Amino acid sequence: MKDNPVWRESLDVYFDEGHGFAVYFYMLVILAPVEFLSLYVPSLDAQMWSGSASLFKVSAVTALVLMVYFALRVANQEFAPWRFKPLKHWLRDQAQPVASVSWAQVYFLLVHVGVSLLLYGPFLVWAGAIARTPLAIIGLTLLLLPFYSLTYGVWGLATLAVWERRIESRQVFIRSFFVCLIFLSALFYLPLNPVAFVLALLSRQELPPLSLFGWQWSGTVVHLTFHFLLGAAGYAVHRWALAREPLL
Amino acid sequence: MSFSAIRIALNLSSRRRPRPRRLPQSNDCKFRFAQLIAAGLLFLASSATPARSEILIEPRVGFHGVFQLGQPFPLEVGLSNTGRPVEGILEVQVWKGGATKGGAPYLANYRREIFLAGQSRKSVQFTVDPDFISRPLSIKFHAAGAKAQREIDLRRHFSPGPVLLLMSGSSAFSPIALTALPQSRRLVTVSPGELAADSRALLGVSHLILYDQSLRELSRAQLLALDHWLTAGGRMVIIGSLNYALYQEPALARFLPVRVSGAKQVSFVPAPDKNQPATALPGVWTQASTVLSGKALAEIDGVPMLVETSRGRGRITYLALDIGRPPLSKWEGLPKFLQPLLAPARAEEPLPRTDWSDAVFNQLIASPKFIATYVPSASLFLAMTGYLLGIGALAWLWQKKRLAPRRLLVALVTFVTGGTVAGYVHFSHGGNIPDGVLLVSTVLENSGEGFVDTQANLALFSTQLRQYDLQLERGWIDLTPVTSRARDTSEPAVITQDAGGASRYRLPLREWDYRLYRLRRVDRFGVGAEFEAYGDRLVMRVNNRSGKDLVNCWLLVPGQRFDIGVVPRGASLRQVFPLSNGQVNDATGAARAGTLNLREMTFADKTRDILFHSSMFPRDGDARWISGAAVFFGWVKDPEPRVRIDDPRIQAQDYTLFRAIFPLPGEEEE
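Numbering of residues starts from 1 in every chain and runs along the sequence as written. As they are written, the chains are lettered A onward and the ligands numbered 1 onward, keeping that order. Reporting in this predicted model follows two pLDDT cut-offs: at least 70 for local features of residues, and 80 or more for side-chain atom pairs to be given and counted; totals over whole chains, interfaces and linings ignore these cut-offs and use all residues.

Moving on: the overall build of chain B. When helices and strands are counted, chain B shows 11 helices and 35 strands. Looking at chain B as a whole, 35% of its 670 residues qualify as buried. Residue pairs qualify as contacts under a 7 Å threshold applied to their C-beta atoms, which are placed from the backbone. Considering only residue pairs separated by 6 or more positions, chain B has 72% of its internal contacts joining residues 24 or more positions apart. The helix count covers DSSP runs of H or I at least four residues long, the strand count covers runs of E at least two residues long, and both are numbered beginning at the N terminus. Whether a residue is buried, exposed or partly exposed is read from the other C-beta atoms within 10 Å of its own C-beta, which are placed from the backbone; 20 or more gives buried, 12 or fewer gives exposed, and intermediate counts give partly exposed.

We now examine the overall build of chain A. Broken down by element type, chain A carries nine helices and two strands. Mapped in sequence order, the helices and strands of chain A form the string α-α-α-α-α-α-α-α-β-β-α. Only the C-alpha atoms count toward the radius of gyration. The rule for a globule is 2.2 Å times the residue count to the power 0.38. On C-alpha atoms alone, chain A measures out to a radius of gyration of 19 Å, which is about the 18 Å that the 2.2 N^0.38 rule sets for 248 residues. The principal-axis extent of the C-alpha atoms belonging to chain A is close to 65 × 50 × 30 Å. A buried classification covers 40% of the 248 residues belonging to chain A. Expressed as a percentage of contacts within chain A between residues at least 6 apart in sequence, the contacts between residues at least 24 apart total 74%.

When two helices pack together, their arrangement is given by the angle between the helix axes and the distance between those axes. Residues and elements named next belong to chain A. Angles here are taken between N-to-C directions and fall from 0 to 180 degrees, while the axes themselves are lines fitted to C-alpha atoms, restricted in helices to the stretch in contact. Remark: helix α6 (residues 135-162) packs on helix α7 (residues 167-188), axes separated minimally by 10 Å, with the N-to-C direction vectors making an angle of 155°. In terms of orientation, α6 and α7 fall into the roughly antiparallel class. In this structure, α6 crosses over α7, and the sense of that crossing is right-handed. On α7, the residues that touch Tyr152, Trp155, Gly156, Thr159 and Leu160 of α6 are Arg170, Phe173, Ile174, Phe177 and Leu181. Class assignment of the residues belonging to the contact of α6 with α7 gives a composition of seven nonpolar, two polar and one charged. Throughout, the term roughly parallel applies to angles under 35 degrees, roughly antiparallel to angles over 145, roughly perpendicular to angles from 65 to 115, and oblique to all others. Crossing chirality is assigned from the near helix's rotation relative to the far helix, an anticlockwise turn below a right angle marking it left-handed and a clockwise turn marking it right-handed. Only Asp, Glu, Lys and Arg are considered charged in this grouping, and only Ala, Val, Leu, Ile, Met, Phe, Trp, Tyr, Cys and Pro are considered nonpolar; every other residue, Gly among them, is considered polar.

With that settled, consider the sheet that holds strand β21 (residues 466-472) of chain B. Residue and element names in this part refer to chain B. Spatially, the eight strands line up as an open sheet ordered β8-β7-β4-β5-β23-β24-β21-β34, and their pairing is mixed. The open sheet is flanked by β8 (146-152) and β34 (643-644), the only strands paired with a single partner. Pairing between two strands requires that DSSP report at least two bridges joining them. As paired strands, strand β7 (residues 137-143) and β8 are joined by seven bridges and run antiparallel to one another. Residue pairing in the sheet places alanine 143 in a bridge with alanine 146 of β8.

All names here are of chain B. If you trace the three strands from one edge of the open sheet to the other, you get β26-β27-β30, paired in antiparallel fashion. Of all the strands in the sheet, just β26 (527-534) and β30 (572-578) have a single pairing partner and so form its edges. Neighbouring strand axes in the sheet, compared pairwise and without regard to direction, differ in orientation by 15° on average. When β26 meets strand β27 (residues 537-544), the two strands line up antiparallel, connected through eight bridges.

Turning next to the packing of helix α6 (residues 358-366) of chain B against helix α10 (residues 606-616) of chain B. Residue and element names in this part refer to chain B. Closest axis-to-axis distance for the α6/α10 pair is 10 Å, and the angle between their directions is 165°. Compared by their axis directions, α6 and α10 come out roughly antiparallel. You can see that α6 and α10 cross each other, and the crossing is right-handed. Seen from α6, the contacting residues are Val360, Gln363 and Leu364; seen from α10, they are Thr607, Ile610, Ser614 and Ser615.

Every contact between the two is made by 24 residues of chain A and, on the other side, 31 residues of chain B. At the level of secondary structure, the elements contributing two or more residues to the side of chain A that touches chain B comprise α2 (21-37) and α5 (98-130) of chain A. Tallying contributions element by element places α5 of chain A first for the side of chain A that touches chain B, with eight residues. Residue classes in the side of chain A that touches chain B are distributed as 18 nonpolar, five polar and one charged.

Here the focus is unusual backbone geometry. Cis geometry marks the peptide bond from proline 326 of chain B to proline 327 of chain B, where omega comes out at 10°. Checked against the element boundaries, proline 327 of chain B lands in the loop between β18 (314-319) and α5 (334-338). Unlike most non-glycine residues, glutamine 77 of chain A shows phi in positive territory, near 55°. In this structure glutamine 77 of chain A comes out as buried when scored by C-beta crowding, with 22 C-beta atoms within 10 Å.

This part takes up the pairing of strand β33 (residues 629-636) of chain B. All names here are of chain B. By the criterion of burial, β33 is predominantly enclosed, with eight of the eight residues buried. Pairing geometry for β33 and strand β35 (residues 650-663), over seven bridges, is antiparallel. When the sheet's bridge partners are listed, phenylalanine 632 is paired in β35 with alanine 660.

All names here are of chain A. Under the convention used throughout, the expected extent of a helix is 1.5 Å for every residue step, that is, one less than its residue count. Here α7 spans 30 Å end to end across 22 residues, near enough to the 32 Å set by a 1.5 Å rise per residue. Fitting axes to the seven residues that end at a residue and to the seven that start at it, the angle between those axes gives the bend at that residue. For α7, the principal kink sits at leucine 181 and spans about 40°. Looking at α7, one finds that the buried residues are Arg170, Ile174 and Leu181. Elements in contact with the buried residues of α7: α3 (55-75) and α6.

Turning next to the confidence of the model for chain B. All names here are of chain B. Chain-level statistics for chain B give a pLDDT mean of 81 and a share of 82% at 70 or above. pLDDT is defined as a per-residue confidence score from the predictor, taking values between 0 and 100. Under a pLDDT of 50 for its full length, residues 1-26 has, in the predicted model, 14 contacts with residues more than four places off or in other chains. Residue range residues 582-593 is modelled with pLDDT below 50. Its contacts to residues more than four positions away, or to other chains, number 15 contacts. Confidence metrics for the complex model read pTM 0.73 and ipTM 0.91.

It is worth spelling out the environment of leucine 408 of chain B at this point. Residues and elements named next belong to chain B. Along the chain, leucine 408 falls in helix α9 (residues 405-429). With 279 residues separating them along the chain, leucine 408 and aspartate 129 place their C-alpha atoms 69 Å apart. Aside from chain neighbours lying at most four places away, what touches leucine 408 is Leu394, Leu397, Trp398 and Leu403.

Residues and elements named next belong to chain A. Its 12 residues give helix α1 (residues 5-16) an end-to-end C-alpha distance of only 14 Å, which falls more than 12% under 16 Å, the value for a rise of 1.5 Å per residue. Val6, Trp7, Ser10, Val13 and Tyr14 are the residues of α1 that are buried. Down the axis of α1, the buried set is contained in an arc of 140°. They therefore lie on one face. In this structure, the buried residues of α1 make contact with α4 (87-93) and α5. Directions pointing from the helix axis toward each C-beta atom define the arc.

Averaged over all residues, the pLDDT of chain A is 87; the fraction at 70 or higher stands at 94%. Looking at the elements of chain A, mean pLDDT is at its lowest for strand β1 (residues 210-212) of chain A, recorded as 78, and at its highest for α6 of chain A, recorded as 94.

Another aspect to go through is the environment of threonine 231 of chain B. Residues and elements named next belong to chain B. Locating threonine 231 in the fold gives a position in helix α3 (residues 220-231). Given 24 C-beta atoms within a 10 Å radius, threonine 231 is considered buried. Expressed as a C-alpha distance, the spacing of threonine 231 and proline 130, which sit 101 residues apart in the sequence, is 23 Å. Setting aside chain neighbours within four positions, we find threonine 231 in contact with Arg311, Gly312, Arg313, Gly314, Phe451 and Val522.

Turning our eyes to something else, we now look at the environment of leucine 550 of chain B. Residue and element names in this part refer to chain B. Relative to the helices and strands, leucine 550 is located in strand β28 (residues 550-557). By the C-beta count within 10 Å, which is 27 here, leucine 550 ends up buried. Put simply, leucine 550 and aspartate 358 are 192 residues apart on the chain and 29 Å apart in space, counted from C-alpha to C-alpha.

Set out below in structure tokens:
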């Protein structure tokens, strides 16, 4: 991987030239005030009050939304797009194998998610400590965040491979995809929604089961299966689109 | 017991057994088999004898089986142990809440740890306060190897009216003299030992009548309970007797409004009936005394015969005549003569209520000052800023290529990991984050004569899943939950009462959960405020004989307010203020009806501000200050806590306000 030119190009553009720093700047600058100000939000429900009690919930959900959104955009090469060479260049001119290009992009997505999680780590762990959230729950949440980022992020790669030359179409698709799956999915079936799943996990509540063809499926199983399938589908589309590229 | 019995039995059986002879092999086997069966039977027989402690519960409800409905009452639980010594828990369960309290019914557990020696009896006193009696009261004793349970149907014991207690040390005195009472009020004769040590148990008692009774046997807790009951509104009637020395004992003298010096015979002339001539009763024994406090309502031969004094909301009446001895004991008019002394107390005007609800609490927790008490917001802000600056500095170093990338990466990971761990330790274990916060907001309502009516509002909230032990100051009258959170908790509140009448509340709370309570008591507090209105002037006298300073004191009259400042302990104040008879000129020069400027009052402390405007003087407040009154108030500096939690992990905040409300005469009255 070290000698993979696609991987080297991503690292150079994002970290060497510093175009990726803006992503982490936005992420930190949004999460920090949301976390701090949520302490002072005056709300009290019938059972418990928000504010410090919900500090970890608010922080985790904000981190989830931001990580997924920026993972999609980074995978879609929305930051400094002019610095990236087109796929045709790697696949046709440089004669790079499809697998090599695909893995380079997936690995770079992994690096981005890892850096995001590393930078968010302190904020989330501090919020968990203040809200008296058990360490196991904090740990589980820190595992779920990269899981969702990757699952949704591969669709950024797929979009890039499918519509590489149509940048506006890609941007519209990415945003529609994000809004539909992160927000609107809750309207159809709550357990599919990652925000609902994280909130249920933090509130130690069971998600409603899914009844299908006389069978009852646990909400957690449905949620995880759906996301595994979603991620796998995204990766399959990405590979398919890359493989299609030399034929164009 | 069983094992030692078996051993002795086996020893005995082996002693009785003849020395074994050498038997043939088959007979030896039979003999051993028979021996085993015998040992087994012996074991079974010995286990049939009582190996466990046997506990018998004998409850005694109220005062000889009577209590006033809707009031707390004493419950004495007699425990008899006919077995081994045992240590266990005695638990009394009563039902609270329900339709009368506007919530779902829930159980309250009164608990005491008990050690019962073998073959012994013990008597345990509780003060129980069920909200309704359609469900039985349950008494349970449980320990390792012993269990007993008893249920009591309280419907057989209640009286709709208050109970009168008579304590008489003389067999000559007949309670028949006191029987001219309505049927709803029950008279019960009790001995000093039967008097409860908890003042709350006496709340269903309207009068305590003492005749020829020494109070030497009363414990300190019983005397304190009597004191608190009196100040909370109890009536004590002390009837004199020939044994005047009893009335000079300190235990009884502390309640007397007179100093008794002797006894003498007088001629008593009762008030005549209509159209009947007054007839004198010669040779009536009366006590000679001098008045110490209160007012002599009647005198006989120059000595006070009937003296009355008040104590807090209560009243003590002293009758010097010996009604238990002839000629008064045989006088037909005695029941009628005594009737006014035992008349029920007039219903007093209720005090202005403070507001205490989820809405008030919502405001409190939303205030940044209050949040800072249980959340380290300042350190979180510093940590976040430091972290962002650190990341920014590392990014700058990276871009400027001042350090090798590998070194910078190591520095980044170390910085982030170190910050995460240090922050976690600080925010979860350090940083002075309390496990919970107990906020007590108290209003001391001036009742005059050095007494105040105390309304304390409690908010206990928890940042942890844990138990809280609330210790209540002795003498409290009523502790009621404001929100029926009990229905949401699987574990009910446990009330632990000690023999001295002190109570502890054990409450389980979840993380970020809270409970609200109201507490009432009548208390001694050495601050008095008196007002006199003379036309357009108001004279106010404030006398602070308490050990506390009053700070931030104000006088509000319709349309005006006056900053009094500090009334230090030991200080007296007399000031004259102008009154505009409820009219105040506004900026346009037009006169408008004046109102109290309560809404315009602000304090430097935000929590005080919220408590003052939302709880102590709510917007839809009492008609007394809305319709026109003079209100003096001041905050008590470093008030004594009325509710304690002896745990350094729980932060306690106490806000106490003293206030005196004086209704101003209207124009028509003038």
